[in-house]
Amino acid sequence: QQQVKQSPQSLIVQKGGISIINCAYENTAFDYFPWYQQFPGKGPALLIAIRPDVSEKKEGRFTISFNKSAKQFSLHIMDSQPGDSATYFCAADQSQGSARQLTFGSGTQLTVLP
Amino acid sequence: SAVISQKPSRDICQRGTSLTIQCQVDSQVTMMFWYRQQPGQSLTLIATANQGSEATYESGFVIDKFPISRPNLTFSTLTVSNMSPEDSSIYLCSVQGYSNQPQHFGDGTRLSIL
């Protein structure tokens, strides 16, 4: 059962435009929501993350919007650049006893055209 | 964040053989995890590598197929046993410093089975 649903599967944006990726979850035990960026041949790299007590977090051109009641969160990339072209994964994290378990969305392949 | 080194970075193996993948971190971490990422797909957790005890496997993954060791707080290995073409994938190590910190990933091992 997929616990984190991510859309769209792929996204093409013009340079300077806004890229928006959406995720939804069902498990209310999730308490940490990171976004990872993955370039070809590399591992996922943490981009930005949010906890459910905050509705928005901004770091440079990247913003997470979080709607706890709707169980949805999204990544906004402002002024998108060709260098942002990568695969983006949302994820949700929960405590499992002494460990934490990370559940990933299906990923979005972003292409920013020059 | 911690520097994570995985070896080998890629390999091509024969059907029926086994390969051991190493994950080395430059600082002590509480949690180490192993993931599988099939080409163009999301990440699936294989197991949590527990220091000093048996690994905790996720549904669909068994110790006989994916034995894991974690002899100390900076090192873990994943063995892919009796490989078949279906095991062709990227295998990723991730680490977590403390329970309230995010996971960070290595660059993975790209495995192809002939």
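Structural data are supplied above this passage.
Here's what I pulled together on the structure shown here.

### Description of the state of the cysteines
Next, step 1: As enumerated under the stated definition, the model contains two disulfides over all chains in all.
Next, step 2: Covalently, Cys23 of chain A is tied to Cys90 of chain A through a disulfide, its sulfur atoms 1.9 Å apart. Here the S-S torsion is close to -100 degrees, and the disulfide linking Cys23 of chain A with Cys90 of chain A is therefore left-handed. One end of the pair, Cys23 of chain A, is in strand 3 (residues 19-25); the other, Cys90 of chain A, is in strand 9 (residues 86-96), with 67 residues separating them in the sequence.
Next, step 3: Through a disulfide, Cys23 of chain B is tied to Cys93 of chain B; the S-S separation comes to 1.9 Å.

### Observations regarding the pattern of salt bridges
Between side chains of opposite charge, a pair can form when the charged atoms approach closely.
Residues and elements named next belong to chain A.
Next, step 1: Scanning the model with the defined rule gives four salt bridges over all chains in all.
Next, step 2: A salt bridge links Lys57 to Glu59, with the nearest nitrogen and oxygen atoms 3.6 Å apart.
Next, step 3: Linking Asp84 and Arg61 is a salt bridge whose minimum nitrogen-to-oxygen distance equals 2.8 Å. Of the two residues, Asp84 is situated in the loop between strand 8 (72-77) and strand 9 and Arg61 in the loop between strand 6 (56-59) and strand 7 (62-67); the sequence distance between them amounts to 23 residues.
Next, step 4: Residue classification places Asp84 among the buried positions, given a relative accessible area of 5%.

### Notes on the packing of aromatic side chains
Residue and element names in this part refer to chain A.
Next, step 1: With the rule as written, the count across this model stands at 17 aromatic pairs over all chains.
Next, step 2: With 6.2 Å between their ring centres and 55 degrees between their planes, Tyr25 and Phe73 make a pair best called tilted. Placement of the pair is Tyr25 in strand 3 and Phe73 in strand 8, with a sequence separation of 48 residues.
Next, step 3: What makes Tyr25 buried here is its relative accessible area of 6%.
Next, step 4: Residues Trp35 and Phe73 carry aromatic rings whose centres are separated by 5.7 Å and whose planes lie at 70 degrees to one another, so their mutual orientation is edge-to-face. You can see Trp35 sitting in strand 4 (residues 33-38) and its partner Phe73 sitting in strand 8, a full 38 residues away along the chain.
Next, step 5: Trp35 gets classed as buried once you look at its relative accessible area, which sits at 0%.
Next, step 6: An aromatic cluster is built from Tyr25, Phe30, Phe33, Trp35, Phe66 and Phe73, whose rings are joined through pairwise contacts.

### Digging into the sheet that holds strand 3 of chain A
Residues and elements named next belong to chain A.
Next, step 1: The strand order across the open sheet formed by five strands is 1-3-8-7-6, and the pairing between neighbours is antiparallel. The outermost strands of the open sheet, each flanked by one partner alone, are strand 1 (4-7) and strand 6. Here the average twist between neighbouring strands, direction ignored, is 15 degrees.
Next, step 2: Here strand 1 pairs with strand 3 via four bridges, running antiparallel. Along strand 3, the bridge assignment pairs Val4 with Tyr25.

### Overview of unusual backbone geometry
Next, step 1: The peptide bond linking Ser7 of chain A to Pro8 of chain A adopts the cis configuration, its omega dihedral lying at -5 degrees.
Next, step 2: Mapping Pro8 of chain A onto the fold places it in the loop between strand 1 and strand 2 (10-14).
Next, step 3: With an omega dihedral of -5 degrees, the bond running from Lys7 of chain B to Pro8 of chain B counts as a cis peptide bond.
Next, step 4: Within the fold, Pro8 of chain B resides in the loop between strand 1 (4-7) and strand 2 (10-13).
Next, step 5: The residue Lys71 of chain A is not glycine, and still its phi comes out positive at about 55 degrees.
Next, step 6: By secondary structure assignment, the location of Lys71 of chain A is in the loop between strand 7 and strand 8.
Next, step 7: For Lys71 of chain A, a relative accessible area of 27% translates into the label partly exposed.
Next, step 8: Within the chain, Asn82 of chain B stands out as a residue other than glycine whose phi angle is a positive 45 degrees.
Next, step 9: Position of Asn82 of chain B relative to the elements: it lies in the loop between strand 8 (75-80) and strand 9 (89-96).

### A look at the pairing of strand 7 (residues 68-72) of chain B
All names here are of chain B.
Next, step 1: Bridge count between strand 7 and strand 8: three bridges; the pairing is antiparallel. Paired with Ser69 across the strands is Thr77, a residue of strand 8.
Next, step 2: Counted between consecutive antiparallel strands, the loop separating strand 7 from strand 8 contains two residues.

### Looking at the interface of chain A and chain B
Next, step 1: Of the residues lining the interface, 19 residues belong to chain A; the matching set on chain B comes to 20 residues.
Next, step 2: The contact between chain A and chain B buries some 1,500 Å² in all, and 52% of this surface belongs to carbon and sulfur atoms.
Next, step 3: Considering only the surface of chain A that becomes buried against chain B, Pro44, Arg100 and Phe104 of chain A emerge as the three largest contributors, covering 30% of it.
Next, step 4: Between chain A and chain B we count one salt bridge in total.
Next, step 5: The salt bridge partner of Asp107 of chain B is Lys42 of chain A, with a shortest N-O separation of 3.6 Å.
Next, step 6: Run the count over chain A and chain B and you get six residue pairs in polar contact (both at pLDDT 80 or more).
Next, step 7: If you list the elements that add at least two residues to the side of chain A that touches chain B, you get strand 4, strand 9 and strand 10 (99-104) of chain A.

Conventions we followed
- Residues numbered from 1 in each chain as written.
- Chains lettered and ligands numbered in written order.
- Predicted model: local features only at pLDDT ≥ 70, side-chain atom pairs only at ≥ 80, totals over all residues.
- Heavy atoms only, no water.
- Disulfide = S-S within 2.5 Å.
- Helix = DSSP H or I, 4+ residues; strand = E, 2+ residues; numbered from the N terminus.
- Salt bridge = Lys/Arg side-chain N within 4 Å of Asp/Glu carboxyl O.
- Buried < 20%, exposed > 50% of the residue type's maximum accessible area, 1.4 Å probe, protein only.
- Phe/Tyr/Trp six-rings, centres within 6.5 Å; stacked < 30°, edge-to-face > 60°.
- Pairing = 2+ DSSP bridges.
- Axes fitted to C-alpha atoms, helices over the stretch in contact; angles between N-to-C directions.
- Contact = heavy atoms within 4.5 Å.
- Buried area = accessible area lost by both parts, 1.4 Å probe.
- Polar contact = N/O pair within 3.5 Å; in protein donor to acceptor, adjacent residues only side chain to side chain.

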